[in-house]
Amino acid sequence: MAPSSKGLNGKLEKPKSALQAIVLSDSYNYRFRPLTLDKPRCLLPLANTPLIEYTFEFLALAGVQEVYVFCCAHADQIRTYIENSKWNLASSPFSVHTIVSRESLSVGDALRELDSKQLITSDFILVSGDVVSNVPLKEVLEEHRARREVDKNAIMTMVVREASPHHRTRASTESSVFVIDKKTSQCVHYQANERGKHYVSMDPEIFNEHEELEIRNDLIDCQIDICSNDVPALFTENFDYQDIRKDFVYGVLTSDLLGKSIHCHVAKENYAARVRSLQTYDAISKDVISRWVYPFVPDSNLLNQSFTYQRYQIYKEDDVVLARSCEIKACTLIGAFTKVGDASIVANTVIGRNCIIGNNCNIDGAFLWENVKIGDECKIGKAIIANDAQIGHKCTIEDGAIISSGVIIGDNVNVTENLRLTPHESHSQGIPNDPALVGDRGLGQEYHAEAESEDEEELMEASGLIHRVEDLNLSDSEISELSSSSEEDMDFVPFSARRDSANTINSDDFDEGDFNKEAQQSIERAFEENHSIEIAALELNTLRMAMNANYHEVRSAIILAILKRISFVDAPPKEAISKVMARWGPLLLKLTFNHDEQVDNLFTLQKYCIRLTMEKQFLQLLGFLYQLEIAEDDAVLDWYNDSRSAEGDIAVLRNTYGKQFVDWLNTAESESEEEEDDEEDDE
């Protein structure tokens with residue numbers, strides 16, 4: 001411990017201990033198998049950067065000075081990686097030490113091992129090696145230390161992120177309920193997700209002891225914890241504690257003997273998520289590419305990389321060779337020395353270094369790691385193809401497929417949905433190198449899960465790469481009946497602030513609440529992945545019900561997203577509007593149910609056209625709303641005659657383009673009446 005010293009006022013200052021962090025490199029589950037048979041999860045690439053790099057960057061941002069990485073599976077690989085990384089250089093902001101315990105089977109075992117070594121000298125940060133976050137921890141650390149000054153029994157602060165219960169970075173198999181004292185942020189009850197359980201069981205005494213409680217299931221738990229050095233000791237004293245949440249947190253909160261307390265810090269800004277399943281791997285990869293995790297984005301080049309950022313969220317390293325006739329679409333990342341052949345189309349895809357993609361291929365939503373070879377005329381969906389795998393000519397790799405390192409697929413093979421292939425016979429079932437699976441001269445077999453329990457096997461199956469919104473089924477009539485009655489009484493409030501430029505659109509400029517942010521992300525994902533109108537509507541309705549939003553908010557989010565999309569389309573304004581409205585206008589139509597909502601759409605369009613400085617596009621947009629029957633004649637006239645449309649900055653659109661459109665409507669109606677009169681006279 002550092003010696004005490006005198007400050008400027010001559011008083012003794014407390015010795016400052018180095019801020020320590022414990023990184024648990026092992027997940028203690030099989031969800032990423034067979035990929036993790038060859039490599040630890042923390043070294044799997046996320047946007048071409050090993051996962052543990054994001055965790056280390058997060059800890060450096062927090063001011064950590066000493067890191068202990070606890071290793072179990074593939075410990076030698078982790079140790080070698082760290083020894084050869086920038087974190088082992090003299091310029092590293094912290095020192096890194098590895099602790100190897102191949103016998104550890106749980107987080108509890110790891111913390112008991114840590115306690116036996118007596119390495120922790122003060123409060124520390126406990127994280128997993130698969131955390132991706134840019135949440136600054138300075139405030140959280142200060143809050144935790146202030147509580148500890150007053151109450152030494154405040155042993156842990158859990159950092160959770162506010163999001164919808166169905167947020168894409170929240171694993172579908174893992175959700176929890178936190179009961180939090182609103183005034184003190186103390187967590188008074190915790191309940192882990194249980195399949196089929198739709199209620200919370202609590203001790204009634206809790207309500208007597210706390211005046212105001214929040215019962216929340218809208219928090220993403222990334223297992224970022226600020227712990228006192230009492231935490232490892234409590235694991236040692238309680239050998240039945242294995243899981244940090246289900247056992248330790250639950251045990252502390254329900255024990256009258258321990259007398260300890262746990263608090264929550266709810267992060268409402270920034271980004272935090274854990275790559276705890278293949279579903280979240282896909283979601284977080286897309287978030288990194290979409291720059292939600294800034295500054296941890298590809299062109300920050302965290303390693304020895306050379307990524308540059310281009311329009312439409314395309315990233316390329318140096319020495320990438322693209323055929324002149326190939327097409328690289330939005331949300332794509334390509335590593336160095338990769339070659340893409342003639343007439344191939346690549347979209348929403350992450351490609352590692354040294355990959356070769358043949359001619360006439362179509363790759364959409366895939367993850368190709370390093371040294372992957374793809375033959376000609378292949379179609380690859382949302383699949384993971386690991387290092388050194390080879391795909392023959394004219395193959396189809398369906399959504400959800402996992403092809404492990406070293407697997408070879410012959411020509412004309414269809415790898416079916418959710419099939420996991422491995423070259424390891426000891427972890428497989430069926431015939432080795434079965435031509436029906438891998439083709440002639442292929443190498444690999446179907447992976448067989450070795451789950452220790454039915455629950456673990458269920459979790460592994462449910463945490464696949466495909467997140468199925470299709471399983472939800474709501475008819476249009478059911479959706480309409482669920483519309484919030486409060487929406488009918490909602491007043492339109494004109495917005496007077498204008499943007500300086502329409503060229504750069506930042507989500508911060510449109511901060512209208514949590515639902516708007518979540519809905520924007522959902523709609524943008526629908527754009528990027530080309531969802532059907534039905535699936536996009538279902539996702540928005542799921543989000544609306546989860547966050548108790550109304551249909552006005554849903555439609556506002558759709559209109560804003562459509563206008564943003566138009567701004568990003570690389571085409572003349574008229575062509576961009578025509579293209580986007582023809583494709584996505586029906587989504588707005590599907591969620592507009594009556595006359596009043598049609599009028600509401602026009603007010604929203606008027607507001608956002610001002611905010612985005614898209615005044616010149618208003619007339620054409622108004623025409624499309626009319627053409628698609630999103631706003632019919634009466635709705636347009638009622639909007640125009642409503643005094644609210646002529647208030648503030650938005651009045652200019654009503655008085656110019658709006659008047660022009662209404663005049664056209666009136667003229668068209670007059671001509672129609674005259675034609676009818678002429679027909680009657682002829683009779």
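Up top is the structure these notes are about.
Predicted model, so just to flag it, every value in this text is computed and none were measured.

Reading the values: rules and limits
- Residues numbered from 1 in each chain as written.
- Predicted model: local features only at pLDDT ≥ 70, side-chain atom pairs only at ≥ 80, totals over all residues.
- Heavy atoms only, no water.
- Pairing = 2+ DSSP bridges.
- Helix = DSSP H or I, 4+ residues; strand = E, 2+ residues; numbered from the N terminus.
- Axes fitted to C-alpha atoms, helices over the stretch in contact; angles between N-to-C directions.
- Contact = heavy atoms within 4.5 Å.
- Salt bridge = Lys/Arg side-chain N within 4 Å of Asp/Glu carboxyl O.
- Buried < 20%, exposed > 50% of the residue type's maximum accessible area, 1.4 Å probe, protein only.
- Arc of directions from axis to C-beta.
- Patch = residues over 30% accessible without salt bridge, like charges linked within 9 Å, V, L, I, M, F, W, Y side chains within 5 Å.
- Areas by Shrake-Rupley, 256 points an atom, 1.4 Å probe, with all protein chains shown as cover.
- Lys, Arg positive; Asp, Glu negative; His and termini not counted.
- Charge placed at Lys NZ, Arg CZ, Asp CG, Glu CD.
- Parallel < 35°, antiparallel > 145°, perpendicular 65-115°, else oblique.
- Left-handed = near helix turned anticlockwise from the far one by under 90°.
- Nonpolar A, V, L, I, M, F, W, Y, C, P; charged D, E, K, R; others polar.

(A) View of the sheet that holds strand S3 (residues 20–24). Ordered in space as S7-S6-S3-S8-S14-S10-S15-S12-S11-S13, the ten strands form an open sheet in which the pairing is mixed. Of all strands in the sheet, those bounded by a partner on one side alone are strand S7 (95–100) and strand S13 (213–216). For this sheet, the mean inter-axis angle between neighbouring strands, taken without regard to orientation, is 30°. Two strands pair when backbone bridges link them, and strand S10 (residues 154–162) and strand S14 (residues 219–227) are joined in this way by seven bridges, in the antiparallel orientation. Bridge assignment links Met158 to a residue of S14, and that residue is Asp225. Helix H1 (residues 51–61) contacts S3, strand S6 (66–71), S7, strand S8 (124–128) and S14 of the sheet and is inclined by roughly 160° relative to S8. Most of the contacts of helix H3 (residues 107–117) go to S3, to which it runs at about 140°, and overall it touches S3, S6, S7 and S8.

(B) Region of interest: the pattern of salt bridges. Under the counting rule described, the total for this entry stands at 25 salt bridges. Salt-bridge contacts for Arg148 lead to Asp123; the nearest nitrogen and oxygen are separated by 3.8 Å. Placement of Arg148 in helix H4 (residues 138–150) and of Asp123 in the loop between H3 and S8 is noted, with a sequence separation of 25 residues between them. Here the two residues Arg148 and Asp123 agree in accessibility, since each one is buried. Because the salt bridges share partners, they merge into one network encompassing Asp282, Lys286, Lys382 and Glu529.

(C) Expanded view of the sheet that holds strand S31 (residues 390–391). Pairing in this open sheet of six strands is parallel, and the strands run S19-S22-S25-S28-S31-S34 from one edge to the other. Each end of this open sheet is capped by a strand with a single partner; those strands are strand S19 (321–322) and strand S34 (408–409). The pairing of strand S28 (residues 373–374) with S31 spans two bridges and is parallel. Bridge pairing links Ile374 to Ile391 in S31.

(D) Here's a closer look at helix H2 (residues 75–83). Within H2 the residues assigned to the buried category are Ala75, Ile78 and Ile82. Summarising the axial view, the buried residues of H2 lie within an arc of 65°, below the 170-degree limit, and thus occupy one face. Elements in contact with the buried residues of H2: H1, S6 and S7.

(E) A look at a negative patch on the surface. Together, Asp596, Glu629, Glu632, Asp633, Asp634 and Asp638 make up a negatively charged patch on the protein surface. Here the negative patch takes three residues from helix H18 (residues 633–641), the largest share from any one element. With respect to the element layout, Glu629 can be found in the loop between helix H17 (618–627) and H18.

(F) Geometry of the pairing of S10. Judged by how many residues are buried, S10 sits mostly within the fold: nine of nine residues are covered. Direction of pairing for S10 relative to strand S15 (residues 261–267): parallel, over a ladder of seven bridges. The residue of S15 that forms the bridge with Arg161 is Ala267.

(G) Quick look at unusual backbone geometry. The omega torsion across Arg33 and Pro34 is 10°, close enough to zero to call that bond cis. Here Pro34 lies in the loop between S3 and strand S4 (45–46). The omega angle of the peptide bond from Tyr294 to Pro295 is 15°, so this bond is cis rather than trans. Summarising the element assignment, Pro295 is placed in the loop between helix H8 (278–289) and strand S17 (308–310). If you check the backbone angles, Asn433 has positive phi at about 55° while not being a glycine. Within the secondary structure, Asn433 sits in the loop between strand S37 (428–429) and helix H9 (435–438). Among the residues examined, Asn433 registers a relative accessible area of 30% and is labelled partly exposed.

(H) Region of the structure containing the side chain of Ser261. Relative to the elements of secondary structure, Ser261 occurs in strand S15. You can call Ser261 buried: its relative accessible area is 8%. Dropping the residues within four chain positions of it, Ser261 is found in contact with Asp151, Asn153, Ala154, Ile155, Met156 and Gln186.

(I) Examining helix H6 (residues 230–237) more closely. Those residues of H6 that fall on the buried side of the exposure criterion are Val231, Pro232, Leu234 and Phe235. Looking straight down H6, one finds its buried side chains confined to an arc of 155°; they lie on one side. On its buried face, H6 is in contact with H3, S8, S10, S14 and helix H7 (244–254).

(J) Region of interest: the packing of helix H14 (residues 551–568) against helix H16 (residues 595–611). Where H14 meets H16, the axes come as close as 10 Å, and the angle between the chain directions of the two elements is 40°. In terms of orientation, H14 lies oblique with respect to H16. Every pair of crossing elements has a handedness; the one defined by H14 and H16 is right-handed. Contacts between H14 and H16 involve His552, Arg555, Ser556, Ile559, Leu560 and Leu563 on the former and, on the latter, Glu597, Asp600, Asn601, Thr604, Leu605, Tyr608 and Cys609. Of the residues contributing to the contact of H14 with H16, the split by class is six nonpolar, four polar and three charged.

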